[in-house]
Amino acid sequence: MVVIFMVEKEDLAIFGGKPVRGKDDPLPQVFPRIFPKKALDYVREVVESGLTSNIEERFKRAFAEACGVKNVVTVANCTAAVHAAIAALELGPRDEVVVSAISDYGSVAGVIAEGALPVFSDVDVRNGCVTAEEIEKVITPRTKAMVVVHWYGLMCDMDPIIDIARDRGITVIEDCCQNPLGEYKGRKAGTIGDMGCFSFDPEKHLSAGGGGAVITNSDEIAKKVDKFANLRGAEFIPHYGRKHTSFGLNYRWSTLNAALGLAKLEVLPEENRRRVELANMLNKRLEEIDGVIPIYIPDGCSHLYWLYALQLDISKFKVDIWQISDALNAELSGLSCSPAPYYLLPESVTYLSQRYPNIKYGAHMVPNAKTHIYRVIRWCWTHKYTKRDVEDIGKAVDKVLSYYHK
Ligand SMILES: *Cc1c(COP(=O)(O)O)cnc(C)c1O
């Protein structure tokens, strides 16, 4: 082990020592969200127009152009987006949908709602993202679709995934909540598979205070998604009105949120660029520290760092990951980091075992995902950090890990 500096117990803030960043000088946080000045103009436009503004249409056009995709269907959130994507495929009982084992609950809720069977794919233990190799292990003749999650903001290695899906006629849905405008070999997130699902939740990069979208190059799929999520399954018949020709819901987005979304979209590329620049600085700093396992970034995959993941070889430390996380929070006021085992869906979605009693859902299904999630401390990354903030994060990680190193 390279000892950068000797750390005594009483040096650690958690035991009363001086923190790297105290309460009087906290790190910047994701909130309050910063909106460009234009946001107020757009909101005013919506109000002054008496809700007749075409701002949602303008958002759709701008987002389609930014992603390089033909169709954007906006919806209320990404849980709704994935639900609508599954519904558009008209899946039901006896159909299986492969879902990344590590994700937000929104990646799987729609699969369950439509009565299809969620089948969890294990991940690359080095980064928490699914791989073609792991997906292939759980594919059966009943597999109709897969929800591939670009976890932390890191693109999955898509070409091999697309290859196995195309061979078998499986629809690929990309969950791009954590990497809007992320790239894979020059193509934008959500345009590599058949559909891309997005969240405009307050916490996400493209924060509009709420919202979501499904993007696709297929006019037919876009129409079905829109019919399910926005038209409540209805078709308009002249001299009659709505006929509900399929089941649908009201997952509409709001015009006021679209105003915030359009403003945020205009600054997103620059904010993304800054996030990546800062994260790369921290990556470089942490490379020097024994016990840190860098997140593996496959060739051609961009990482937009919705979360920063500090991945540790926990066998090298005297305490568990929770104690390391508590010690880090004590050093860095404003950081708010923690492990997040609840992202391990087959374990955290406990009602699955009641709904499908023949299947034993649990962490045992996905050993890599389990290993990965229980060795990562994560926090929401922000473009607001300065170089000094990143240096202090590096210093605090070094300090805490040096003390706890075996
Ligand atoms: C945030 C998130 C969701 C859910 O998005 P909502 O807009 O809150 O419904 C789904 N998948 C992933 C990967 C997410 O990060």
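Here, every reference points to the structure presented above.
Because the structure is a prediction, the values reported are computed rather than measured.

A. The site of the ligand, seen in detail. As a matter of local geometry, the ligand sits amid Asn 77, Cys 78, Thr 79, Ser 103, Asp 104, Ser 107, Val 149, Asp 175, Cys 177, Gln 178, Ser 199 and Lys 204. Here Thr 79 contributes a side-chain N or O atom positioned 2.6 Å from an oxygen atom of the ligand. The contact in question runs from an oxygen atom of the ligand to an N or O atom on the side chain of Gln 178, over 2.8 Å. Compared with its free state, where it exposes 390 Å², the ligand has 90% of that area covered by protein. Grouping the constituent residues of the shell around the ligand by class yields 3 nonpolar, 6 polar and 3 charged.

B. Region of the structure containing the packing of helix α9 (residues 321-331) against helix α13 (residues 387-404). Where α9 meets α13, the closest approach of the two axes is 9 Å, and the angle between their N-to-C directions is 140 degrees. Taken together, the axis directions place α9 and α13 in an arrangement best described as oblique. For the crossing formed where α9 meets α13, the hand is right-handed. Between α9, through Ile 324, Ala 327, Leu 328 and Glu 331, and α13, the contact on the second element is made entirely by Ala 396, Val 397, Lys 399, Val 400, Leu 401 and Tyr 404.

C. Summary view of helix α7 (residues 219-229). Here α7 has its buried residues at Ile 221, Ala 222, Val 225, Lys 227, Phe 228 and Ala 229. Contact partners of the buried residues in α7: β1 (71-75), α3 (78-88), β8 (195-199), β9 (212-216) and β10 (234-237). At the N-terminal boundary of α7, the capping side chain belongs to Ser 218, with an oxygen 3.3 Å from the backbone nitrogen of Glu 220.

D. Spotlight on the environment of Leu 181. Topologically, Leu 181 is positioned in the loop between β5 (171-175) and β6 (183-184). Using a relative accessible area of 12% as the deciding quantity, one classes Leu 181 as buried. With 21 residues separating them in the primary sequence, Leu 181 and Pro 160 have C-alpha atoms 21 Å apart.

E. Quick look at α13. An ideal rise of 1.5 Å per residue puts 26 Å on 18 residues; α13 measures up with 26 Å between its terminal C-alpha atoms. For α13, the tally of buried residues reaches 14 of 18 residues, placing the bulk of the element in the interior.

F. How the structure looks around the packing of aromatic side chains. A complete count under the given rule lists 19 aromatic pairs for this structure. Aromatic side chains Phe 63 and Phe 198 sit 5.0 Å apart centroid to centroid with 85 degrees between the ring planes, which places their arrangement in the edge-to-face category. Here Phe 198 lies in strand β8 and Phe 63 lies in helix α2 (residues 55-67), a separation of 135 residues in the sequence. This pair shows no difference in class: Phe 63 is buried, exactly as Phe 198 is. Ring geometry for Trp 379 versus Trp 381: centroids 6.3 Å apart, planes at 50 degrees, classification tilted. Across this residue pair, the class does not change: Trp 379 and Trp 381 are buried. Through a chain of ring-to-ring contacts, three or more aromatic side chains come together here, namely Phe 59, Phe 63, Phe 198, Phe 200 and Trp 253. Its end group placed over the ring of Tyr 296, Arg 126 keeps NZ or CZ at 3.8 Å from the ring centre. Lying across the ring of Phe 35, Lys 264 places its NZ or CZ 5.5 Å from the centre.

Here is what the cut-offs are and how they apply
Residues numbered from 1 in each chain as written. Predicted model: local features only at pLDDT ≥ 70, side-chain atom pairs only at ≥ 80, totals over all residues. Heavy atoms only, no water. Near = heavy atom within 4 Å. Polar contact = N/O pair within 3.5 Å; in protein donor to acceptor, adjacent residues only side chain to side chain. Areas by Shrake-Rupley, 256 points an atom, 1.4 Å probe, with all protein chains shown as cover. Nonpolar A, V, L, I, M, F, W, Y, C, P; charged D, E, K, R; others polar. Axes fitted to C-alpha atoms, helices over the stretch in contact; angles between N-to-C directions. Helix = DSSP H or I, 4+ residues; strand = E, 2+ residues; numbered from the N terminus. Parallel < 35°, antiparallel > 145°, perpendicular 65-115°, else oblique. Left-handed = near helix turned anticlockwise from the far one by under 90°. Contact = heavy atoms within 4.5 Å. Buried < 20%, exposed > 50% of the residue type's maximum accessible area, 1.4 Å probe, protein only. Expected span 1.5 Å × (residues − 1). Phe/Tyr/Trp six-rings, centres within 6.5 Å; stacked < 30°, edge-to-face > 60°. Lys NZ or Arg CZ within 6 Å of the ring centre and 35° of its normal.

Everything listed here is a matter of geometry and, on its own, says nothing about what the molecule does.
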